[in-house]
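Structure at a glance
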Amino acid sequence: MSTVTINPVVPAGVTLPIYMDNHATSPMDPRVLEAMMPFFSVKFGNAASRNHSFGWEAEQAVEQAREQIARLIGATAKEIIFTSGATESNNLAIKGIAEMYRERGNHIITQVTEHKAVLDTCKRLEKYGYRVTYLPVKADGLIDMDDLRRAIDDKTVLVTIMSANNEIGVVQPIAEIGKLCHEKGVIFHTDAVQAVGKIPMDVQAMNIDVLSLTAHKIYGPKGVGALYVRRRNPRVQIAAQIDGGGHERGMRSGTLNVPGIVGLGKACAIAQEEMATEAARLCAMRDHLRKRFESELDYVEVNGSWEHRLPGNLNMSFIYVEGESLLMGINDVAVSSGSACTSATLEPSYVLKALGLGDDVAHSSIRFGLGRFNTMAECDYVADKVIGIVKKLRELSPLYEMVKDGIDLSKIEWAAH
Ligand SMILES: *Cc1c(COP(=O)(O)O)cnc(C)c1O
């Protein structure tokens, strides 16, 4: 492996390293931290304490957060259950529905590019006798509605399809899926972690029955999330997975994380206020990055649908460069690669593989996750850096040289080794 470095001029106002991995987690908005602070100190009450003002104060703050979250997704406050994050929300939704509706049926439908919090939960249920259909995705990352329609049978109790993908930013046809599920009388859950606060989400208009979200992807704190559970048309029931005291309408026991919940509420209120302007700004930066890569490099490709995509996501393959060298070369920019470290080996991302990408192309892919605190100046620095590295690495690449010389790589008979 070759280590190549390149150091473009750092524009005024840009400090290194640059954070451009907002799908993994987002920095906290200072306004969120400010709202949380009193609940770490003077307002320390337990929201379940009914006998004194400390408890009432905490409870009131929790109820305000419930309202703020509900408002952002078109729900009512009573339909919001607090959890420790979206991994727990997804577990509670899928296992809780599977258990509650076991008499009605044992079939669950999901799709192959879901987050592991959904896929691993479904795998666990398979061990307990549930039947799970994993729908494929098309080359653009979207599911085929006809596949879904065909997969639903009289034993299907749950469809769980994510709203937006965390690697390629592709937004699934959620309203269409919701409509189909309601027609068929099947419960529809969506992991909406990447979509909430970024694009308009409305549980009524989209016929969503159960929805997972988390604070740390929307400029709130880590370790707190929520689950929306529909109360009417239809009323959805979920079997608790954690017992002990019957908090959260019996669905999730445990003392509430009051500062975290206040932060999640504030993050939702800010997102609601600023979503439209922020989305426009992120789209402009994302489009600018893409344009620079495409005009200054050859053999680059966008992964996933461009039309149905989150504002802040650009996932690109830089073909004929070695993925690890590329990542090492951009060490002062925090982005993610199309490789996942599993037990010390570098595996190509299962999401990119599901789109039909070969291992080499998947390894040469970078996810640029833009967020609230990124600037256009940062984008230009990142573009300079990536373009510089890709050009240098390709100078060292025999494959790239052969392609440039007009040799069709697919026709070559490689010597066995
Ligand atoms: C981050 C993420 C999760 C997990 O959320 P946590 O709150 O970190 O447990 C689940 N689904 C998607 C799509 C995510 O991006």
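Residues numbered from 1 in each chain as written. Predicted model: local features only at pLDDT ≥ 70, side-chain atom pairs only at ≥ 80, totals over all residues. Heavy atoms only, no water.

Considering the arrangement of structural elements, one finds glutamine 111 in strand E3 (residues 107–111). By relative accessible area, glutamine 111 is classed as buried at 0%. A polar contact is formed between the side chain of glutamine 111 and the side chain of threonine 113, at a distance of 2.8 Å. Polar contacts involving the side chain of glutamine 111 include one to the side chain of glutamate 114, which spans 2.8 Å. Ignoring sequence-local partners within four residues, the contact set of glutamine 111 consists of Leu119, Tyr134, Leu135, Val137, Ile143, Thr160, Ile161, Met162 and Gln172. (Helix = DSSP H or I, 4+ residues; strand = E, 2+ residues; numbered from the N terminus. Buried < 20%, exposed > 50% of the residue type's maximum accessible area, 1.4 Å probe, protein only. Polar contact = N/O pair within 3.5 Å; in protein donor to acceptor, adjacent residues only side chain to side chain. Contact = heavy atoms within 4.5 Å.)

When its domains are assigned, the chain resolves into domain 1 (18–28 + 274–411) and domain 2 (30–271). Computed over C-alpha atoms, the centres of domain 1 and domain 2 are 30 Å apart. In this assembly, 30 residues from domain 1 lie in contact with 41 residues from domain 2. Here domain 1 packs against domain 2, burying approximately 2,900 Å² in sum over the two surfaces, 56% of which is carbon and sulfur. Our count for the domain 1 to domain 2 interface comes out at 1 salt bridge. With a closest N to O distance of 2.7 Å, arginine 31 and glutamate 274 form a salt bridge. The tally of links from domain 1 across to domain 2 stands at 20 residue pairs in polar contact (both at pLDDT 80 or more). Contributing elements (two or more residues each) for the side of domain 1 that touches domain 2: helix H7 (258–296), strand E10 (313–318) and helix H9 (350–354). Within the side of domain 1 that touches domain 2, the residues separate by chemical class into 13 nonpolar, 12 polar and 5 charged. (Domains from an automatic or database assignment. Buried area = accessible area lost by both parts, 1.4 Å probe. Salt bridge = Lys/Arg side-chain N within 4 Å of Asp/Glu carboxyl O. Nonpolar A, V, L, I, M, F, W, Y, C, P; charged D, E, K, R; others polar.)

Examined against the element boundaries, alanine 271 turns out to sit in helix H7. Here the alpha-carbon distance between alanine 271 and tyrosine 101, two residues 170 residues apart in the chain, equals 35 Å. Beyond its immediate sequence surroundings of up to four residues, alanine 271 is in contact with Leu72, Gly197 and Arg372.

The strand order across the open sheet formed by 7 strands is E2-E8-E7-E6-E5-E3-E4, and the pairing between neighbours is mixed. The open sheet has two edge strands with one neighbour each: strand E2 (80–83) and strand E4 (131–135). The sheet shows a mean angle of 20 degrees between the axes of neighbouring strands, direction not considered. One ladder, built from 5 bridges, connects E3 with E4; its direction is parallel. Within E4, the position partnered with isoleucine 109 by the bridge is threonine 133. Against the sheet, helix H3 (residues 86–100) makes contact with E2, E3, strand E5 (156–160), strand E6 (187–191), strand E7 (210–214) and strand E8 (225–229), and its axis sits at roughly 160 degrees relative to E7, the strand it touches most. (Pairing = 2+ DSSP bridges. Axes fitted to C-alpha atoms, helices over the stretch in contact; angles between N-to-C directions.)

Here the focus is the packing of aromatic side chains. Under the defined criterion, the tally for this structure stands at 7 aromatic pairs. When the centroid spacing of 5.3 Å and the interplanar angle of 80 degrees are considered together, the rings of tyrosine 299 and tyrosine 320 count as edge-to-face. Of this pair, tyrosine 299 sits in the loop between H7 and strand E9 (300–302) while tyrosine 320 sits in the loop between E10 and helix H8 (323–329), placing them 21 residues apart in sequence. Taking the relative accessible area as the measure of exposure, tyrosine 299 reaches 34% and is therefore partly exposed. The class of tyrosine 320 is partly exposed, set by a relative accessible area of 23%. Taking the centre distance of 6.2 Å and the plane angle of 90 degrees together, the rings of tyrosine 299 and tyrosine 400 count as edge-to-face. (Phe/Tyr/Trp six-rings, centres within 6.5 Å; stacked < 30°, edge-to-face > 60°.)

Another aspect to go through is the nonpolar core. Within soluble globular proteins, side chains that are nonpolar tend to cluster in buried spots. Counting residues in hydrophobic clusters, the biggest one holds 67 residues, and the most contacted among them are Phe82, Leu148, Ile177, Leu211 and Leu264. Sort the elements by how many residues they give to this core and H7 lands first, with 9 residues. In this structure, this core is formed jointly by two domains, domain 1 (18–28 + 274–411) and domain 2 (30–271), each of which donates at least three residues. Excluding anything up to four places from it in sequence, phenylalanine 82 contacts Val62, Ala65, Arg66, Ile69, Gly225, Ala226, Glu248, Arg252, Leu256, Ile261 and Leu264. (Core = buried A, V, L, I, M, F, W, Y, C linked by side-chain atoms within 4.5 Å.)

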